[in-house]
Amino acid sequence: MEQNLDILRQEIVDKSLEAFREGLFSGTSGNMSCRVAPDEMLITPTSVRYDVLRAQDIVRMKLDGTVLEGGLQPSSEWRMHAAVYKAYGETNAVFHTHSPYATAFAVVRKSIPAVLIESCIFLGGDIRCAAYAAPGTESVGTNAIPVLRDRGGCTLANHGVLAVGKDLAQAYLRAEYIEDVAKVYTFSKVLGTPVEIASL
Ligand code: 13P
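Here is a short report on the structure shown in this document. (Residues numbered from 1 in each chain as written. Predicted model: local features only at pLDDT ≥ 70, side-chain atom pairs only at ≥ 80, totals over all residues. Heavy atoms only, no water.)

This brings us to the site of the ligand. Surveying the vicinity of the ligand reveals the residues Thr 28, Ser 29, Gly 30, Asn 31, Thr 46, Ser 47, Ser 75, Ser 76, Glu 77, His 96, His 98 and His 159. Between an oxygen atom of the ligand and a side-chain N or O atom of Ser 76, the distance comes to 2.6 Å. His 96 has a polar side-chain atom sitting 3.1 Å from an oxygen atom of the ligand. Burial of the ligand by the surrounding chains reaches 89%, relative to a free accessible area of 300 Å². Partitioning the shell around the ligand into residue classes produces no nonpolar, eleven polar and one charged. (Near = heavy atom within 4 Å. Polar contact = N/O pair within 3.5 Å; in protein donor to acceptor, adjacent residues only side chain to side chain. Areas by Shrake-Rupley, 256 points an atom, 1.4 Å probe, with all protein chains shown as cover. Nonpolar A, V, L, I, M, F, W, Y, C, P; charged D, E, K, R; others polar.)

On to the side chain of Arg 35, then. Within the secondary structure, Arg 35 is located in strand E1 (residues 31-37). With no salt bridge to any partner, buried Arg 35 finds its closest opposite charge in Glu 90, at an N-O distance of 6.8 Å. Looking at Arg 35, its side chain comes within polar contact range of the main-chain oxygen of Thr 91, at 3.0 Å. Residues contacting Arg 35, with those up to four places away along its chain left out, are Glu 40, Met 41, Leu 63, Tyr 85, Tyr 88, Gly 89, Thr 91 and Asn 92. (Helix = DSSP H or I, 4+ residues; strand = E, 2+ residues; numbered from the N terminus. Buried < 20%, exposed > 50% of the residue type's maximum accessible area, 1.4 Å probe, protein only. Lys, Arg positive; Asp, Glu negative; His and termini not counted. Salt bridge = Lys/Arg side-chain N within 4 Å of Asp/Glu carboxyl O. Contact = heavy atoms within 4.5 Å.)

Burial along strand E2 (residues 40-43) is two-sided: the face carrying Glu 40 and Leu 42 and the face carrying Met 41 and Ile 43 are both buried. Looking at chain direction, E1 and E2 are connected through four bridges and run antiparallel. Looking across to E2, one finds that Ala 37 is bridged to Glu 40. Between the end of E1 and the start of E2, which pair antiparallel, lie two residues. (Pairing = 2+ DSSP bridges.)

Another aspect to go through is a nonpolar patch on the surface. Where nonpolar side chains cluster on the molecular surface, the patch consists of Ile 117, Ile 121 and Leu 200 and spans about 330 Å² of accessible area. With respect to the secondary-structure elements, Ile 117 resides in helix H4 (residues 117-123). (Patch = residues over 30% accessible without salt bridge, like charges linked within 9 Å, V, L, I, M, F, W, Y side chains within 5 Å.)

Here we come to the pairing of strand E7 (residues 153-156). Here E7 shows no split at all, with Gly 153 and Thr 155 on one side and Cys 154 and Leu 156 on the other all buried. One ladder, built from two bridges, connects strand E6 (residues 129-130) with E7; its direction is parallel. If you follow Ala 130 over to E7, its bridge partner there is Leu 156. Assessed by its sense of winding, the connection that carries the chain from E6 through helix H5 (residues 138-148) to E7 is right-handed. One ladder, built from four bridges, connects E7 with strand E8 (residues 160-165); its direction is antiparallel. When the sheet's bridge partners are listed, Cys 154 is paired in E8 with Leu 162. (Right-handed = clockwise from strand over helix to strand, strands pointing away.)

What follows is the structure in structure tokens.
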């Protein structure tokens, strides 16, 4: 089990750096976690630059906030991650980005319409926006619960993006597609009237 945890810690570090380089994270904002037991997760620490993040910096904690391992403070959004794990038993990874096109939809509090086939295949349809909640509060997570239903993610009003998955790879892929759909929709609006697709 310890070996698996170390592998997962390194996967979080590698994916965080990739997200930073891809522009899914901004500054030190954004965070990533994975569930390692029914009531336990590994999560990125708060306010650490992704280009200096190390595997030993990843915090192991219980969903009730008890820190089990790690010398740094967990992400300020740990309550949001915990709320999603408590509501969705099949979710084992949560990825919070600040990717700009999708976050723009969160600022105007509009859904990202399902305009690409990837919306159907990977995301479950349009990406809805969760009601606003003050950062760091459990409400950021509880407001996301209803709009996450049957979807691979949602946006958070005036805040960012949430992508979920059965593992880190799936949550990461979904975060990439959420940004891609938001970007393509924005470009297509310039050219004409985007057509939404309900199914393949
Ligand atoms: P931290 O994970 O560094 O606390 O980031 C906060 C954040 O992303 C707020 O949107």
